[in-house]
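Reading the structure
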Amino acid sequence: MALIAATAFSCGTPKTVQESKKVIKGYWTLDNVSYGSSGKFNVTLFNDTSAECFEGSSWRFIPNNNTATYTIENANCPTGERNFIFTIVEIDPASGLYDFIIKPTNAKGKSDDNSGFRVHLAQLSESSMRWEQTVSLEGKPFKINMNFSKINEQ
């Protein structure tokens, strides 16, 4: 019995992931999107719309069921609320590094094509969060930074 309990606890959610979910819970604003290279880029995030449209978007994370939404509010863009599920994956327990996996869904939590996106959760505090996504541009790594700030509960 003790062996079963030890196995169950060792397979549970890592402490850093549990703590991160507590911090992520709530409402956020995506303040800006920046890049690891200088220049002007035409970037589409999450197969949805341009990075410029994402700036100023509102996000809500509900960690107890791993669901979330973001709302594009820029009138020059395809506005409205989008749904997704998310998972936090610890990639190095010693350093506490982890990734964030986002899977777009409909309002009922179903995915049309089962696709998802992996971003590195590079920084997280009670008031700010930064995601980094590395993609390929002309055969070289290209880093996209998404900078969020927490807003008061609504």
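Provided above is the structure to which this section pertains.
Attention here is on the structure that accompanies the text. Note that the structure is a prediction, hence the values are computed from the model and not measured.

Here's the deal with the overall build of the protein
Scanning the protein from N- to C-terminus turns up three helices and ten strands. Along the protein, from the amino end to the carboxyl end, the secondary structure elements read α-α-β-β-β-α-β-β-β-β-β-β-β. Scored against the burial criterion, the 154 residues of the protein give a buried share of 34%. Within the protein, contacts between residues separated by at least 24 positions form 43% of all contacts whose residues are at least 6 apart in sequence.

Quick word on the side chain of Ser57
Among the secondary structure elements, Ser57 is positioned in the loop between helix H3 (51–54) and strand E4 (58–62). In terms of polar contacts, Ser57 uses its side chain to reach the side chain of Trp59, at 2.8 Å. Each residue touching Ser57, except ones within four places of it in the same chain, is listed here: Trp28, Thr29, Leu30, Thr71 and Ile72.

Focus: the state of the cysteines
Considering all chains together, one arrives at one disulfide under this definition. Here Cys53 connects covalently by a disulfide to Cys77, the sulfurs 1.9 Å from one another. In this structure, the disulfide formed by Cys53 and Cys77 twists by about -85 degrees around the S-S bond and is classed as left-handed. Highlighted residues: Cys53 in helix H3 and Cys77 in the loop between strand E5 (67–72) and strand E6 (80–92), separated in sequence by 24 residues.

Considerations on the pattern of salt bridges
One pass over the structure, following the stated rule, counts four salt bridges. Among the ionic pairs, Arg118 bridges to Asp99, the shortest N-O distance being 2.7 Å. Taken together, the positions of Arg118 in strand E8 (residues 117–124) and Asp99 in strand E7 (residues 97–105) put the pair 19 residues apart, joining distant regions of the chain. Under the relative-accessibility criterion, Arg118 is labelled partly exposed at 45%.

A word on unusual backbone geometry
In this model, Phe46 sits at a positive phi of 55 degrees, which is unusual for a non-glycine residue. Mapped onto the secondary structure, Phe46 falls in the loop between strand E2 (44–45) and strand E3 (49–50). Phe46 sits in the buried class, given a relative accessible area of 7%. The phi torsion at Asn66 lies on the positive side, around 55 degrees, for a residue other than glycine. Relative to the elements of secondary structure, Asn66 occurs in the loop between E4 and E5. The class for Asn66 is partly exposed, based on a relative accessible area of 21%.

Looking at the environment of Trp131
Along the chain, Trp131 turns up in strand E9 (residues 128–137). Judged by relative accessible area, which is 0%, Trp131 ranks as buried. Between the C-alpha atom of Trp131 and that of Asn147, which follows or precedes it by 16 residues, the distance is 6.6 Å. Those residues within four positions of Trp131 in sequence are excluded, and the remaining contacts are Phe46, Trp59, Phe61, Phe100, Ile102, Val119, His120, Leu121, Ile144, Asn145, Met146 and Phe148.

Here we look at the environment of Asn76
Relative to the assigned elements, Asn76 resides in the loop between E5 and E6. Separated by 24 residues in sequence, Asn76 and Glu52 have C-alpha atoms that sit 9.8 Å apart.

A few points about the pairing of E5
Alignment of E4 against E5, held across five bridges, turns out to be antiparallel. Note on E5: the bridge partner recorded for Phe61 is Ala68. A loop of four residues connects E4 with E5, the two strands running antiparallel in sequence, and Asn66 in this loop sits at a positive phi of about 55 degrees. Inspection of the sheet shows E5 paired to E6 by six bridges, in the antiparallel sense. Paired with Thr71 across the two strands is Glu81, which belongs to E6.

Each value, and the rule that gives it
Residues numbered from 1 in each chain as written. Predicted model: local features only at pLDDT ≥ 70, side-chain atom pairs only at ≥ 80, totals over all residues. Heavy atoms only, no water. Helix = DSSP H or I, 4+ residues; strand = E, 2+ residues; numbered from the N terminus. Buried < 20%, exposed > 50% of the residue type's maximum accessible area, 1.4 Å probe, protein only. Contact = heavy atoms within 4.5 Å. Polar contact = N/O pair within 3.5 Å; in protein donor to acceptor, adjacent residues only side chain to side chain. Disulfide = S-S within 2.5 Å. Salt bridge = Lys/Arg side-chain N within 4 Å of Asp/Glu carboxyl O. Pairing = 2+ DSSP bridges.

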